[in-house]
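If you want the building blocks of each chain, they are given just below.
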Amino acid sequence: MALPCGNGRGWLRAVRMTFYLFILIPMSSTGNRNSNTIFGEKQKLEVQLQLKRLNKPALKSIKSPDGDIIDCVDVNKQPAFDHPLLKNHTIQMRPSSYPKRFTSNSKPTFTQPWHLNGRCPEGTIPIRRTKEEDLLRAGSAANFGRKKYHTIPNAQSNNDQPLHEHAILSENGDKFYGMTADMNLWNPYTQEANEFSLSQFWLLNGAYDKDLDTIEAGAMVFESLYGDKNTRLFLYWTDDAYQSTGCYNLLCPGFVQVDKQIAMGARVTPYPKYGGDQFALPFHVWKDVKGRGDWWMKIAGRDFGYWPSSIFSILSDSASRVDWGGEVINSNKDGQHTTTQMGSGHFAEEGPGKASFFKNLNVIDGSQILRGPRNTTTFMTKRKCYNIIDYGGFFYFGGPGRNPNCP
Ligand SMILES: *[C@@H]1O[C@H](CO)[C@@H](O)[C@H](O)[C@H]1NC(C)=O
Ligand SMILES: *[C@@H]1O[C@H](CO)[C@@H](O)[C@H](O)[C@H]1NC(C)=O
C-alpha cells in the first residue's frame, strides 16, 4: 500500500508543536518568555534538519500494519554515503567471496509485518522512517540513535547511571574474521521505556575505555528508541568506544545496505510461545578478505549489507573477541532490580522450548577457517537475575530480572 503524503497533517503538527513548547518551558526557566520561544524555534529547526538528514527521499512508501512507515530509498542515495570517508565509495551489491561451509540448518521462518502491505522495488532498500515524535522522545536530536551509556561488561558499576547487565559467551585468543549464530528471538517484557532488552552478537577489538571498535546486530525491545515494546531487528557499530561514532541501524552514515526485503528497526515476527515450537534467525558475518575487506552480514540467508572496512580503525584488520548473548538495562527504579526480562524471561536451565537459545555458533579464525568456539568464557553480571549455560556450539540464556534471589 502506497502512502499518501502530507494530507491532513496540519492539526497533528499543531498538537506536536504545543507539546513541544510545553516540554521546553520548564527547561529554560532562567530565560524570559521571549527567549523561550527563540529556543523552541531553534530546537524545532534542529529536529526538522535531523529528520531531513535521516529520511532520504522515498521512491515508494509502505505503511506497516504496526504503524511503521517503510521508505524504499534508492540504494545509491542511502544514509551511508553521507559519511565523509565514504564520499568516493563504490557500492558493492554482493560480496566478492563467501567463507567455506557457511551454512545454516535453520529454516528462516520469520517475517516483518510491513511485507503484508507491499515490497520495495529493485534498486531500493527499505528504511524505517524516523518520525518527529521519535526525536522528541529521545530528548536530543543530536544523540538520537546512539547508545547513551557505554556497554562495558567488566566495568565497575556507577551509581548514577542505569546499569547494563549481561549474560554472554565470549570466544578469545585468536584473530577473528567473522562469526555465525542462529538466534531464538522472543519478546521480553521491559519495565521502563529507557530500559532495553536485547539478544545479539558482538565482534570487538580495542580497549573499552578508549578505542573500542565493534560490529553488533540482533534483536531488541527498546521503547524509548522505537516508541513501543515490540521486538525489532537492529545493528550497531562504533569506532571509538561509543563516544562520537556509530549508531543503531542506518540512523547515522556508515552501514551500507543492499537487501530490499529486510528493514532494520522493523519488527521481527512471529514471537515464540513458552513450551511451543521454536525457530531461530540465522546471522552470518564475515570479512570480505578477497575484496575490500568490508564486513558483510547475511540475515536469514540474504546478503543484507556491509560495514565498510574504511569506517573502522582497529576492526579494519580483525576482531580480537566474539561475544554472543543478552543484555538489559536495569534502571534500578525505587532501589529495586528491574523486572525487565532477558531472552524468554526464563533462566537457562529451563532449556528447550522455554529458555531462549543461540545455536550454530562459529567463528572464522586467523587461518580463515570456520570453526566452533573452543576457548570460551561465560560472563554474567548478576547470575541470580539472568544467566547463561554453555553447551559448546550452543547455549541457553536469559532470566526474569527481579525475583526473590534478585531483589
Ligand atoms: C575522493 O576523491 C578525491 C579525488 O580523487 C580525493 O581528493 C579525496 O581525497 C577522496 N576522498 C576520500 C574520502 O577518499
Ligand atoms: C583463551 O582466552 C583467554 C581470555 O578469556 C585468553 O587470555 C587466552 O590467551 C586464550 N587462550 C588460548 C589458548 O587461546
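Residues numbered from 1 in each chain as written. Chains lettered and ligands numbered in written order. Predicted model: local features only at pLDDT ≥ 70, side-chain atom pairs only at ≥ 80, totals over all residues. Heavy atoms only, no water.

Peer 1: Give me the overall build of the protein chain: which residues, what numbers.
Peer 2: If you tally the helices and strands in the protein chain, you get four helices and 18 strands. Out of the 407 residues belonging to the protein chain, those deemed buried represent 55%. The contacts of the protein chain with a sequence gap of at least 6 include a subset with a gap of at least 24, amounting to 75%. Surface summary for the protein chain: the accessible area is close to 17800 Å², and the carbon and sulfur share equals 53%. (Helix = DSSP H or I, 4+ residues; strand = E, 2+ residues; numbered from the N terminus. Buried < 20%, exposed > 50% of the residue type's maximum accessible area, 1.4 Å probe, protein only. Contact = heavy atoms within 4.5 Å. Areas by Shrake-Rupley, 256 points an atom, 1.4 Å probe, with all protein chains shown as cover.)

Peer 1: For the nonpolar core, give the residues involved together with the corresponding values.
Peer 2: Ranked by size, the top nonpolar core spans 92 residues in total, and within it Phe201, Phe283, Met297, Trp307 and Trp324 carry the most contacts. Residues in contact with Phe283, not counting those within four places in the same chain, are Met179, Thr180, Ala181, Asp182, Met183, Phe201, Ala217, Gly218, Leu233, Met297, Lys298 and Ile299. With seven residues, the next largest nonpolar core counts Ile62, Cys72, Trp114 and Ala263 among its residues. (Core = buried A, V, L, I, M, F, W, Y, C linked by side-chain atoms within 4.5 Å.)

Peer 1: Outline the pattern of salt bridges, supporting the account with residue identities and numerical values.
Peer 2: One pass over the full model with this rule turns up 19 salt bridges. Between Arg232 and Asp68 there is a salt bridge whose closest N-O contact spans 3.0 Å. Within this pair, whereas Arg232 is found in strand E8 (residues 232-238), its partner Asp68 is found in the loop between strand E1 (58-63) and strand E2 (69-74), the two being separated by 164 residues in sequence. For the residue pair Arg232 and Asp68, the accessibility class agrees, reading buried in each case. Taking the shortest distance from any N to any O, the salt bridge between Arg371 and Asp365 comes out at 3.0 Å. (Salt bridge = Lys/Arg side-chain N within 4 Å of Asp/Glu carboxyl O.)

Peer 1: Give a detailed account of the site of ligand 2, specifying residues and quantitative values.
Peer 2: Surrounding ligand 2, one finds Asn172, Gly173 and Asn375. Here an oxygen atom of ligand 2 and a side-chain polar atom of Asn172 are 3.4 Å apart. A distance of 2.3 Å separates an oxygen atom of ligand 2 from a polar atom in the side chain of Asn375. Out of a free accessible area of 370 Å², ligand 2 has 38% covered by protein chains. (Near = heavy atom within 4 Å. Polar contact = N/O pair within 3.5 Å; in protein donor to acceptor, adjacent residues only side chain to side chain.)

Peer 1: Would you mind going over the environment of Met220 in detail, with residue names and values included?
Peer 2: Its place among the elements puts Met220 in strand E7 (residues 213-222). When near neighbours in sequence (up to four residues on either side) are disregarded, Met220 contacts Phe196, Ser197, Leu198, Tyr226, Asn230, Thr231, Arg232, Phe234 and Tyr248.

Peer 1: Talk me through empty space enclosed by the protein; I want residue IDs and the actual numbers.
Peer 2: Under the definition given, this model contains five cavities of 30 Å³ or more. Its volume calculated, the largest cavity comes out at about 130 Å³. Where the lining of the largest cavity is concerned, the elements lending two or more residues are strand E3 (124-128) and helix H4 (223-226). Here the element with the most residues in the lining of the largest cavity is E3; it accounts for three residues. Of the residues assigned to the lining of the largest cavity, the class counts are eight nonpolar, four polar and one charged. (1 Å grid on protein atoms, 1.4 Å probe; cavity = no way out; pocket = protein on both sides within 12 Å on 5 of 7 lines; lining within 4 Å. Points joined across faces, edges and corners; volume = space filled by probe spheres on them. Nonpolar A, V, L, I, M, F, W, Y, C, P; charged D, E, K, R; others polar.)

Peer 1: An account of the sheet that holds E1 is needed here, citing residue identities and associated values.
Peer 2: Pairing is antiparallel across the open sheet formed by three strands, whose spatial order is E1-E2-E3. The open sheet has two edge strands, E1 and E3, and neither has a second partner. The mean angle between the axes of side-by-side strands here comes to 25°, regardless of whether they run parallel or antiparallel. Two strands pair when backbone bridges link them, and E1 and E2 are joined in this way by five bridges, in the antiparallel orientation. For Ile62, the partnering residue across the bridge sits in E2 and is Ile70. (Pairing = 2+ DSSP bridges. Axes fitted to C-alpha atoms, helices over the stretch in contact; angles between N-to-C directions.)

Peer 1: How would you explain the sheet that holds strand E13 (residues 321-330) if you had to name every residue and give the values?
Peer 2: Ordered by their spatial adjacency, six strands build an open sheet running E8-E7-E6-E13-E4-E16, and the pairing between neighbours is antiparallel. In this open sheet, the two strands that pair with only one neighbour each are E8 and strand E16 (376-380). With direction set aside, neighbouring strand axes in the sheet form an average angle of 20°. Relative to E16, strand E4 (residues 163-171) is paired through five bridges, and the arrangement is antiparallel.

Peer 1: An account of the packing of aromatic side chains is needed here, citing residue identities and associated values.
Peer 2: Within the structure shown, the criterion is met by 19 aromatic pairs. Here the aromatic rings of Phe196 and Phe222 are separated by 5.3 Å at their centres, their planes lie at 80°, and the arrangement is edge-to-face. Remark: Phe222 occurs in strand E7 and Phe196 occurs in strand E6 (residues 196-205); sequence separation between them is 26 residues. Within the aromatic cluster, the residues linked to one another by ring pairs are Phe196, Phe222, Phe234, Tyr236, Tyr242 and Tyr248. (Phe/Tyr/Trp six-rings, centres within 6.5 Å; stacked < 30°, edge-to-face > 60°.)

Peer 1: Residue-level account of the state of the cysteines, with values.
Peer 2: For the structure on display, the rule yields three disulfides. Disulfide partner of Cys385: Cys406, at an S-S distance of 2.1 Å. With the S-S bond torsion at 100°, the cross-link from Cys385 to Cys406 turns out right-handed. Residue Cys385 is located in the loop between E16 and strand E17 (387-390), and its partner Cys406 is located in the segment after strand E18 (395-398); the two are separated by 21 residues in the primary sequence. The same class applies to Cys385 and to Cys406, which are both buried. (Disulfide = S-S within 2.5 Å.)

Peer 1: Help me get a handle on unusual backbone geometry, residues and values and all.
Peer 2: Working note: non-glycine residues mostly have negative phi, and peptide bonds are mostly trans. Put simply, Thr269 and Pro270 share a cis peptide bond, and its omega is 0°. Structurally, Pro270 can be placed in the loop between strand E9 (256-257) and strand E10 (281-287). Residue Asn249 is not a glycine yet carries a positive backbone phi of 55°. As for its position among the elements, Asn249 is in the loop between E8 and E9. One non-glycine residue with positive phi stands out, namely Asn360, at about 55°. Within the fold, Asn360 resides in strand E14 (residues 356-364).

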